[in-house]
Amino acid sequence: MRNLLITMLLLLPIAAAAENDAFKNMDKAQMQQVMQKMKAMQDCVKNIDKTDMQAFQAQAKQMSAEVERLCAAGKRDEAMARAMDFGKDVSANKAMQQMKQCGEGITEALPLLPDATQDQNQTGSSRHVCDH
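Residues numbered from 1 in each chain as written. Predicted model: local features only at pLDDT ≥ 70, side-chain atom pairs only at ≥ 80, totals over all residues. Heavy atoms only, no water.

We now examine the packing of helix H4 (residues 50-72) against helix H5 (residues 76-92). At a closest axis distance of 8 Å, the pairing of H4 and H5 adopts a crossing angle of 165°. Judged on the interaxial angle alone, H5 and H4 are roughly antiparallel. Crossing angle aside, the handedness with which H4 passes H5 is left-handed. Touching Phe56, Gln59, Ala60, Met63, Glu66, Val67, Leu70 and Cys71 of H4 are Arg76, Glu78, Ala79, Arg82, Ala83, Phe86, Asp89 and Val90, all from H5. Of the residues contributing to the contact of H4 with H5, the split by class is 10 nonpolar, 1 polar and 5 charged. (Axes fitted to C-alpha atoms, helices over the stretch in contact; angles between N-to-C directions. Helix = DSSP H or I, 4+ residues; strand = E, 2+ residues; numbered from the N terminus. Parallel < 35°, antiparallel > 145°, perpendicular 65-115°, else oblique. Left-handed = near helix turned anticlockwise from the far one by under 90°. Contact = heavy atoms within 4.5 Å. Nonpolar A, V, L, I, M, F, W, Y, C, P; charged D, E, K, R; others polar.)

Have a look at this one:
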């Protein structure tokens, strides 16, 4: 179940890309290639150590609760600093590094993927963790 959730989270940008007309116009061979890459990614995710993932999930839950408390208390700067620190932890986390590697193949198969995330911050203003 957890692997399914993780896979779905990784595939979320693909769903956004599916709204793009160019994605809808992929030929059968291209679509088959994407499906093969998705299967490879799913197989890769299955090989990630479950205890590492569980530990990371617990850490993420704790950090999320901490950030929410800080935001609720009006401590926006502390909340943002905590979120940034967690971002560094994520990039150093073995399980997350493996997840990133698992997802690399799918991004090669979907050149549209960057388009799906391009408009997330069009205004140029930075987003704050308390403003989600």
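After that view of the structure, there is still more to cover.
Among the nonpolar cores identified, the biggest contains 19 residues, and Ile48, Met53, Val67, Ala79, Met96 and Met99 are the most heavily contacted of them. Of all the secondary structure elements, the ones that give two or more residues to this core are helix H3 (28-46), H4, H5 and helix H6 (94-109). For this core, the element with the most residues is H4, which contributes 6 residues. (Core = buried A, V, L, I, M, F, W, Y, C linked by side-chain atoms within 4.5 Å. Buried < 20%, exposed > 50% of the residue type's maximum accessible area, 1.4 Å probe, protein only.)

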